[in-house]
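Remarks on the overall topology
Spelled out, the chains give:
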Amino acid sequence: MSERAAPFHCPYCGDEDLRPSEAGGHGAWECAACARAFRLQFLGLVARSDRTATGPDRTGPHTTEPGGSTA
């Protein structure tokens, strides 16, 4: 089994200069470019029925109805 995966990019600035944070505890990282600290945490699996369905065949507030008008 391999070690846990590390983040490749800062979620705030996109830079790749990340280091594990000693002060933040397990899963905490520091970005040297923007001086932000963040934590990665796995929350669990989402049941298939709980996922939001998206796509052209789905209806929603931004769906175009026949005739070119929006709902």
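See the structure shown above.
In this report, we go over the structure that sits alongside the text. Everything numeric here is computed off the predicted structure, so don't read it as measured data.

**Section: unusual backbone geometry**
Positive phi values are uncommon outside glycine, yet alanine 35 reaches one of about 60 degrees. Of note, alanine 35 is situated in the loop between strand 2 (28–31) and strand 3 (37–39). Residue alanine 35 is classed as exposed on the basis of its relative accessible area of 70%.

**Observations concerning the layout of surface pockets**
Put simply, the largest pocket is a space of about 340 Å³. Along the walls of the largest pocket sit 15 residues, with Arg4, Ala5, His26, Gly27 and Leu40 positioned nearest its centre. A class-by-class count of the residues in the lining of the largest pocket yields eight nonpolar, five polar and two charged.

The rules behind the values
- Residues numbered from 1 in each chain as written.
- Predicted model: local features only at pLDDT ≥ 70, side-chain atom pairs only at ≥ 80, totals over all residues.
- Heavy atoms only, no water.
- Helix = DSSP H or I, 4+ residues; strand = E, 2+ residues; numbered from the N terminus.
- Buried < 20%, exposed > 50% of the residue type's maximum accessible area, 1.4 Å probe, protein only.
- 1 Å grid on protein atoms, 1.4 Å probe; cavity = no way out; pocket = protein on both sides within 12 Å on 5 of 7 lines; lining within 4 Å.
- Points joined across faces, edges and corners; volume = space filled by probe spheres on them.
- Nonpolar A, V, L, I, M, F, W, Y, C, P; charged D, E, K, R; others polar.

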